[in-house]
Amino acid sequence: MTKIATIGCGLIGQGWATVFAKAGFDVAMYDASPEAAEHALSAMEGRVADLVAFDLVAACDALAILNRITVAPSLEDALEGVVYVQESGPERIEVKREITERLDALAAADVPIGSSTSGISASRYCKDIAGRHRCLVVHPINPPHLIPAVEIVPTPWTDPDIVSKTTELMGACQRETIVLTKEIDGFVVNRLQGALLEEAFKLVGSGIVSASDLDKAICDGLGLRWSFMGPMQTIHLNAPEGVEQYVERYGAMYRGFGLGHYDDVDWKDIVETGLKAQLETLIPVADIPIKQAERDRKLMALLRHKAQEKTEHRSVPNAPQE
């Protein structure tokens, strides 16, 4: 049994369908609007063609991927024989509750029901549903078929077997899973993005920096390292003796910025109670010079790519100016 149902045929639903079909699953797409479903199916051709153009899909595989995707005439047909359901409906609790109730009534009892919601904890809409044990958030980063990270967020009552089954399936689809141990609105990715955006709006709104220059702080600054190692590994490699030394050296400086949240979080305590052990298991202090050299080589490769992209952009006649 290798069939997956994607419910909702907007951009997120289309992205999911691409992910699943590319991994070899048969995909039944369904939308309450038949027109939306048919439009999504035709849009898939262009989406897969783009993947071929950028060598992310072999040209010889493109037709097979498209042939695995169909539009189901009804929700019942979409859910028949599925091993997993991915719901990508509107971001409203009452709509999520209604859709999930129908999915729970129609899908086989052991089939996980994942939601693409960007910030609504599943317990908010599934607590009174009979099959709430198989409901959870499976949040992609847009566009799902290009960004591999997926957040898996169980409710307090989600069956651990459902979490394991979903995590395995996402791994089979070459997704990088972020499994939360407890439920929280906004999950991880959007809470991180929200914190950065809050400060970004303050800096731009107060006239300290232009929007254009603020974006440079990420795309030509922090984002270069974050694109392949993330903020925790970044600071671990930014002190000769790792994260503990980094916090000793710079923790007070960050508190001095007056960002308003540091009284709730003791960086030193978090380092001592687990963060140091996690990072040193991943990168022992003795290996930091080696990992710094690897980081620098990746940065050079990324900078070369960005330089080439700028050169190609400027060589195109009448290209819009940055």
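Residues numbered from 1 in each chain as written. Predicted model: local features only at pLDDT ≥ 70, side-chain atom pairs only at ≥ 80, totals over all residues. Heavy atoms only, no water.

Inclusion rule: UniProt positions are given in the numbering used here, feature names are shortened, and annotations may be inferred rather than shown by experiment.
In the nomenclature of an unreviewed UniProt entry, the protein corresponds to L-carnitine dehydrogenase from the organism Roseovarius litorisediminis. A UniProt comment under Sequence similarities (unreviewed entry) is attached to the protein, and it reads "Belongs to the 3-hydroxyacyl-CoA dehydrogenase family."

Section: the domain arrangement of the protein
We apply this condition: All the domain ranges listed were derived from an automatic or database domain assignment.
Split by domain assignment, the protein resolves into domain 1 (3–179) and domain 2 (228–315). In this structure, domain 1 and domain 2 have C-alpha centres spaced 34 Å apart.

Notes on unusual backbone geometry
For clarity, the threshold we go by: By the criteria applied, helices consist of DSSP H or I runs no shorter than four residues and strands consist of E runs no shorter than two, each listed in order from the N terminus. Exposure is judged per residue with a 1.4 Å probe applied to protein chains only, and the accessible area is read against the type maximum: over 50% gives exposed, under 20% gives buried, and values in between give partly exposed.
Looking along the chain, the bond that leaves N142 and enters P143 is cis, with omega of 0°. Among the structural elements, P143 can be located in the loop between β6 (135–140) and β7 (149–154). In the Ramachandran plot, Q174 falls in the positive-phi region, its phi being about 60° despite a non-glycine side chain. Along the chain, Q174 turns up in the loop between α7 (160–172) and β8 (176–179). Positive phi is not limited to glycine here, since F187 has a value of about 60°. If you trace the backbone, F187 turns up in the loop between β8 and α8 (189–205). F187 sits in the buried class, given a relative accessible area of 1%.

Details of the nonpolar core
To keep things clear, this is the line we draw: Buried residues of nine kinds, namely Ala, Val, Leu, Ile, Met, Phe, Trp, Tyr and Cys, make up a nonpolar core once their side-chain atoms join them within 4.5 Å. Residue contacts follow a heavy-atom distance rule, with two residues in contact if any of their heavy atoms lie within 4.5 Å.
Membership of the largest hydrophobic core comes to 29 residues, with the highest contact counts inside it found for F20, L169 and M170. At the level of elements, α1 (11–22), β2 (26–30), α2 (34–53), α3 (59–67), β6, β7 and α7 are the ones that each hand at least two residues to this core. Setting aside residues up to four positions removed in sequence, F20 forms contacts with I4, T6, F25, V27, Y84, Q86, L169, M170 and C173.

A short note on the environment of M29
Mapping M29 onto the fold places it in strand β2. Linking M29 and P73, residues 44 residues apart in sequence, is a C-alpha distance of 9.1 Å. With residues near it in sequence (within four places) discarded, M29 still touches T6, C9, G13, Q14, A17, A40, I69, T70, V71 and A72.

Details of the pairing of strand β1 (residues 3–7)
Let me state the cut-off plainly: With the strands aimed away from the viewer, a crossover counts as right-handed if its path from the first strand over the helix to the second runs clockwise. Two strands qualify as a pair provided DSSP detects at least 2 bridges between them.
Counting buried residues along β1, four of its five residues qualify, which places the element largely inside the surrounding structure. Where the polypeptide runs from β1 across α1 and back to β2, its parallel neighbour, the crossover connection is right-handed. Where β1 meets strand β4 (residues 82–87), five bridges bridge the pair, whose relative direction is parallel. The partner of K3 across the bridge, within β4, is V82.

What about the packing of α2 against α3?
Here is the rule we go by: Angles shown run from 0 to 180 degrees and are taken between the N-to-C directions of axes, each axis being a line fitted to C-alpha atoms and, for helices, limited to the stretch in contact. Oblique is the label for every angle not falling under 35 degrees (roughly parallel), over 145 degrees (roughly antiparallel), or within 65 to 115 degrees (roughly perpendicular). By convention the crossing between two helices is left-handed if the near helix lies anticlockwise of the far one by an angle smaller than a right angle, and right-handed if it lies clockwise. Residues are sorted three ways: Asp, Glu, Lys and Arg are charged, Ala, Val, Leu, Ile, Met, Phe, Trp, Tyr, Cys and Pro are nonpolar, and all the rest, Gly among them, are polar.
Axis separation between α2 and α3 bottoms out at 10 Å; the angle between their running directions is 155°. In terms of orientation, α2 lies roughly antiparallel with respect to α3. Between α2 and α3 lies a crossing whose hand is right-handed. On the side of α2, the interface is formed by M44, E45, V48 and V52, while α3 contributes A59, A62, I65 and L66. For the contact of α2 with α3, the residue count by class is seven nonpolar, no polar and one charged.

Some details on the UniProt feature "domain: 3-hydroxyacyl-CoA dehydrogenase NAD binding" (unreviewed entry) in the protein
The positions UniProt marks with the feature "domain: 3-hydroxyacyl-CoA dehydrogenase NAD binding" (unreviewed entry) are residues 3–183. This span, residues 3–183, is 43% helix and 21% strand, and a straight line between its end C-alpha atoms measures 28 Å.

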